[in-house]
Amino acid sequence: MKAPFEPQRSRHAGFTLVEVMIGMLIGVIGIVVIMQVYAVSEGYKRTATTGSDAQVNGSVALYLLEREIRLAGFGMNALVPAGCTTVRAWNNARGAAADLPVLPFQINPAGVPAGDANTDVIVVAYGASDNFVTGVGVAQAGSSTDDFKIAPSNNGDGFRNGDLVVGMQPGAGPGGTPQCVLHELTAVPGSGGNCGRPSAGPQWLAHAAISYPSAARGCQPQAARFNSANGIRDASGASVAALNGANNALLYNLGPAPQVKAYAVRGGNLATCDLLNQDCNAAASWQVVASDIVSLRAIYGEDFDGNPAPTNAAGDGRVDQWSRAPITTSNQASRTLAAALEITARNPLREKPRSGTQCDATVDPARPDRAQPQDWYQPFVAMASGSLAGAAIDLSTSSPDWKCYRYKLFQTSVPIRNMIWKPQ
């Protein structure tokens, strides 16, 4: 017989080993599913984000080049037709002289280092003067280091200390071509903007290898960068000829900071080099301006009026042909009124193969956009002079695994408007 008020013993329930194993299995499956969903989501996110990077990089590169090309030829409307396709320039930092290309716009000019395979190099040149448009008559006493003498009827106040000028002597260059030489003005008459230099006597302009007060730097001292104390020598080693006023020598003012810039795709980035101030044969002289740019191609828009070698700078002001042929004369340069160019930006994310081991994010090396129906230059073929096939995009050498990347194509046509107006 039970004793009254005897406590009942309770049973303590728990999990068996099998139940624990099943729970762990369910948890692992859940984690795997979550990680897979996260990985897919993260992949889409990275593709979208890096695609935006390519969009931004390509847009920046295109805007930069478009802006530079619109400036091409500024202040050179008379210099180029006079026959100056290159300018002999002394660079004090390098201790040497070189011939610089000064045509407003050039594709793959000689003497400028090439970029990555299957890409173009473009060079843009423009002045910075707010004064002279045409050349000013000039003479020197007997040596190329003598001061420039300009006629009293000309306004010497149009020049400033620190301006870079080109002295052009007809017939004094190789084969009877014009001799064009760059100089840096170090003392100029006229008090207005010339650091207090009084105007007295003949209009003379000094270009010595000295330190001088530069008007472009608020009259602070500046060492001359482009004047040689021993005189500038041409490619043969001879001193350049003194300017002879009786032989129609002219002086062209390019202002204090003219630009001669090269742009190229180097190492998968758009880079630039200052040809006027730097040695562009040195890799360190090139500065990256836009990342992940793998293609740059360009075409000339020309006003040749059906003449393959026009003998004058005049045209009707309308582009009538597109060409990749090198520009060899100043007349051809004056008739080059537009540029068409393409830039291809690469998505920095390397896509994984969809199946097997072969990537297929991009399948055609000539057409970065999978929906692209034709080569980028095809609209210009109808007005082409010669073959434009050299402008084709070829991504196959941009990277061994180029198919694993996505690309964005940018293209435009830019007027070289400064060459449309020509002095008579």
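Scroll up to find the structure this text is about.
Procedures and definitions
Residues numbered from 1 in each chain as written. Predicted model: local features only at pLDDT ≥ 70, side-chain atom pairs only at ≥ 80, totals over all residues. Heavy atoms only, no water. Phe/Tyr/Trp six-rings, centres within 6.5 Å; stacked < 30°, edge-to-face > 60°. Buried < 20%, exposed > 50% of the residue type's maximum accessible area, 1.4 Å probe, protein only. Lys NZ or Arg CZ within 6 Å of the ring centre and 35° of its normal. Pairing = 2+ DSSP bridges. Helix = DSSP H or I, 4+ residues; strand = E, 2+ residues; numbered from the N terminus. Salt bridge = Lys/Arg side-chain N within 4 Å of Asp/Glu carboxyl O. Axes fitted to C-alpha atoms, helices over the stretch in contact; angles between N-to-C directions. Patch = residues over 30% accessible without salt bridge, like charges linked within 9 Å, V, L, I, M, F, W, Y side chains within 5 Å. Areas by Shrake-Rupley, 256 points an atom, 1.4 Å probe, with all protein chains shown as cover. Disulfide = S-S within 2.5 Å.

Draft legend 1. Quick look at the packing of aromatic side chains. Under the defined criterion, the tally for this structure stands at 4 aromatic pairs. Taking 6.2 Å as the distance between ring centres and 65 degrees as the angle between the ring planes, the aromatic pair formed by Trp376 and Phe380 counts as edge-to-face. Of the two residues, Trp376 and Phe380, both sit in the buried class. Put simply, the rings of Trp322, Trp376, Tyr377 and Phe380 touch in pairs and so form one group of aromatic residues. Just above the ring of Tyr405 sits the side chain of Arg346; from NZ or CZ to the centre is 4.3 Å.

Draft legend 2. Examining the pairing of strand β2 (residues 96-101) more closely. Inspection of the sheet shows strand β1 (residues 86-91) paired to β2 by 6 bridges, in the antiparallel sense. Counterpart to Trp90 in the pairing with β2 is Ala97. Hairpin connection, β1 to β2: the antiparallel pair is bridged by 4 residues, and Gly95 has positive phi, about 70 degrees.

Draft legend 3. The arrangement of the pattern of salt bridges in detail. This structure, assessed with the given rule, holds 12 salt bridges. Lys261 serves as the salt-bridge partner of Glu68, at 3.2 Å between the closest nitrogen and oxygen. With a gap of 193 residues between them, Glu68 in helix α1 (residues 17-71) and Lys261 in strand β13 (residues 259-266) connect regions that are remote in the sequence. Taken together, the shared-partner salt bridges in this structure form one network comprising Arg67, Glu68 and Lys261.

Draft legend 4. Focus on the sheet that holds strand β4 (residues 121-126). One open sheet holds the 5 strands; their spatial order is β3-β4-β13-β14-β15, and the pairing between them is antiparallel. Across the chains shown, the open sheet's two edge strands, defined by having one partner strand only, are β3 (105-107) and β15 (287-290). Across the sheet, the mean angle separating the axes of adjacent strands is 25 degrees when strand polarity is ignored. Of the strand pairs in this sheet, β3 and β4 are connected by 3 bridges, and their pairing is antiparallel. Bridging from a neighbouring strand, Ile107 pairs with Ile122 of β4.

Draft legend 5. Just a nonpolar patch on the surface, in detail. Together, Phe15, Leu17, Val20, Met21 and Met24 line one region of the surface with nonpolar side chains, adding up to about 600 Å² of accessible area. Structurally, Met24 can be placed in helix α1.

Draft legend 6. Seen up close, the state of the cysteines. Taken as a whole and judged by the stated rule, the model has 3 disulfides. Note that Cys273 is cross-linked by a disulfide to Cys280, the S-S spacing being 2.0 Å. Its S-S torsion of about -95 degrees marks the bond between Cys273 and Cys280 as left-handed, since a negative value means left-handed. Disulfide pairing is shown between Cys359 and Cys404; the S-S distance is 1.9 Å. On the sign convention where negative means left-handed, the S-S torsion of about 85 degrees between Cys359 and Cys404 marks this disulfide as right-handed.

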